[in-house]
Amino acid sequence: MGKERLDKILGHLGVGTRKEIHRLARAGLITVDGEIITDSAFKFDPSLARIEVAGERLEYQTYFYLMLNKPAGYITSTKDRDGIPITALLPEELQRDDWMPVGRLDKDTEGLLLLTTDGELLHRLTHPRWKVTKRYYVELARPATPDDVAVFAAGDLELDGEALQPAELHLSPDPYKPDPYKVELVIREGRFHQVKRMFAARGNEVTYLKRVAFGPIWLPADLPLGGSRKLTAEETQALYHAVGLANAK
Ligand code: URA
C-alpha cells in the first residue's frame, strides 16, 4: 500500500484522536522501524513498517471485524437517529467511526450481529448470490408443523411477489426437549423482516427471535447479551472463504 501520515495510520489502528497521537509523538513515544518520530505528519507505508507506541508493537491491519450479542431494544444502525444504536454497546477500545453492520436485526431481535469495515466483504455476506446461511432460534405463538417444514424447504413461499430460496426448518432443535413452539430456521438470504414474515405467511407469529449463527460464525455460548469481541483470525478467514474471497487483508 502507499504512504500515509502517521496520525492517520495510528487513528485507523485505534490509538487515539489526532490530538492524542500528536501528543504521543511530541513525547517521543512513537517509533517507526526503530526511529523516534515526533512529527505526526511523517509519511510511511504502514504495511511494511514496524510501528511501536510506548514500547508496544502495533500490528497493521486494513480492515476490522467484530461480533456482538445484540439485546432487544437497540437498532441495527451506527447512528443515533431513531433509537439507541448497537454501537452504543461497544466498549471504548472497540469504538470506531467506520463500523458497518452485516445485515440487519430488528429492534426486538437478539443474537449474533457481525460488524466490519470491509465493504466488499459486507456486500458479499449480505448478497443472496453467495447464499450465506443465517440461523435463527424462533419462538412461536402456535406450534410449527411438518407442513411448514415442507413449504419452507420447497422454496415456493413468496414475499413481495418474489419466491424465497429454500429454507430449513428444524422442528426439534433440542431433541431432549421437543417443543413445537421452539424451532430453528436456516435461511440463505436476508429480506426485510424475513423470518417474521415467513411465519406470518403460514398463519403463525414469531414471539421471540434470536440469530445464533451467520455463515460459519456461531454465537459463542459465553458471549453475554450486549457483549462484543473482535473476531479471531480463523473466524475472519472463514468468513472470507464463505464468500469466495481468498484472504482477509
Ligand atoms: N428476520 C426477521 O424477521 N427479523 C430479524 O431481525 C431477522 C430476520
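Before reading on, note that the structure itself is shown above.
Residues numbered from 1 in each chain as written. Predicted model: local features only at pLDDT ≥ 70, side-chain atom pairs only at ≥ 80, totals over all residues. Heavy atoms only, no water.

Undergrad: Describe the sheet that holds strand 6 (residues 56-58), with residues and values.
TA: Strand order in this open sheet of 4 strands is 3-2-5-6, and the pairing throughout is antiparallel. Looking at strand neighbours, the two that pair on one side only are strand 3 (35-36) and strand 6, the edges of this open sheet. Pairing geometry for strand 2 (residues 30-32) and strand 3, over 2 bridges, is antiparallel. Residue pairing across strands places Thr31 opposite Ile36, the latter belonging to strand 3. (Pairing = 2+ DSSP bridges. Helix = DSSP H or I, 4+ residues; strand = E, 2+ residues; numbered from the N terminus.)

Undergrad: With reference to specific residues and values, describe the pattern of salt bridges.
TA: Within the structure shown, the criterion is met by 16 salt bridges. Here Arg50 and Glu52 are joined by a salt bridge, their closest N and O atoms 3.0 Å apart. Note that Arg96 and Asp98 form a salt bridge whose closest N and O atoms lie 2.7 Å from each other. Arg96 gets classed as buried once you look at its relative accessible area, which sits at 17%. The partly exposed category is assigned to Asp98, whose relative accessible area is 34%. A single network of salt bridges, built from pairs that share partners, joins Arg5, Asp7 and Arg18. (Salt bridge = Lys/Arg side-chain N within 4 Å of Asp/Glu carboxyl O. Buried < 20%, exposed > 50% of the residue type's maximum accessible area, 1.4 Å probe, protein only.)

Undergrad: So what about unusual backbone geometry? Which residues, and what values?
TA: In this structure, Lys131 is a non-glycine residue whose phi angle is positive, near 50°. Take Lys131: it is sitting in the loop between helix 3 (119-126) and strand 12 (134-140). Take Lys131: its relative accessible area is 46%, and that puts it in the partly exposed class. The phi dihedral of His193 falls on the positive side, at around 50°, and the residue is not glycine.

Undergrad: Describe the packing of aromatic side chains, and please don't skip the residues or the numbers.
TA: Taken as a whole and judged by the stated rule, the model has 4 aromatic pairs. When the ring of Phe42 is compared with that of Phe44, the centres are 5.8 Å apart and the planes differ by 25°; the resulting orientation is stacked. Here Tyr137 and Tyr208 contribute two aromatic rings whose centre-to-centre distance is 6.0 Å and whose plane-to-plane angle is 65°, an arrangement assigned as edge-to-face. Taken together, the residues Tyr137 in strand 12 and Tyr208 in strand 17 (residues 206-214) connect sequence positions 71 residues apart. Over the aromatic face of Phe64 sits the side chain of Arg96, whose NZ or CZ is 4.0 Å from the ring centroid. (Phe/Tyr/Trp six-rings, centres within 6.5 Å; stacked < 30°, edge-to-face > 60°. Lys NZ or Arg CZ within 6 Å of the ring centre and 35° of its normal.)

Undergrad: Which residues make up the pairing of strand 7 (residues 65-70), and what values go with them?
TA: Consecutive side chains of a regular strand alternate in pointing toward one face of the sheet and then the other. Burial of strand 7 is extensive: 6 of the 6 residues sit out of reach of the surface. A two-sided burial pattern is seen for strand 7, the buried positions comprising Tyr65, Met67 and Asn69 on one face and Leu66, Leu68 and Lys70 on the other. In the sheet, strand 7 pairs with strand 11 (residues 110-116) via 6 bridges, with the strands oriented antiparallel. Bridging from a neighbouring strand, Lys70 pairs with Gly111 of strand 11. Across 3 bridges, the pairing between strand 7 and strand 19 (residues 228-230) is antiparallel. Paired with Leu66 across the bridge in strand 19 is Lys230.

Undergrad: Tell me what's going on with the side chain of Glu184, and back it up with residues and numbers.
TA: With respect to the element layout, Glu184 can be found in strand 16 (residues 182-187). Polar side-chain contacts of Glu184 include one of 2.9 Å to the side chain of Arg135. If sequence neighbours within four positions are ignored, Glu184 has contacts with Arg135, Tyr136, Glu168, Leu169, His170, Pro173 and Val212. (Polar contact = N/O pair within 3.5 Å; in protein donor to acceptor, adjacent residues only side chain to side chain. Contact = heavy atoms within 4.5 Å.)

Undergrad: How would you sum up the site of the ligand? Please name residues and give values.
TA: Surveying the vicinity of the ligand reveals the residues Leu105, Asp106, Thr109, Tyr136, His193, Gln194, Val195, Lys196 and Leu209. Surface burial for the ligand is 96%, taken as the share of its 240 Å² of free accessible area covered by protein chains. Ranked by residues supplied to the shell around the ligand, first place goes to helix 5 (residues 194-201) with 3 residues. (Near = heavy atom within 4 Å. Areas by Shrake-Rupley, 256 points an atom, 1.4 Å probe, with all protein chains shown as cover.)

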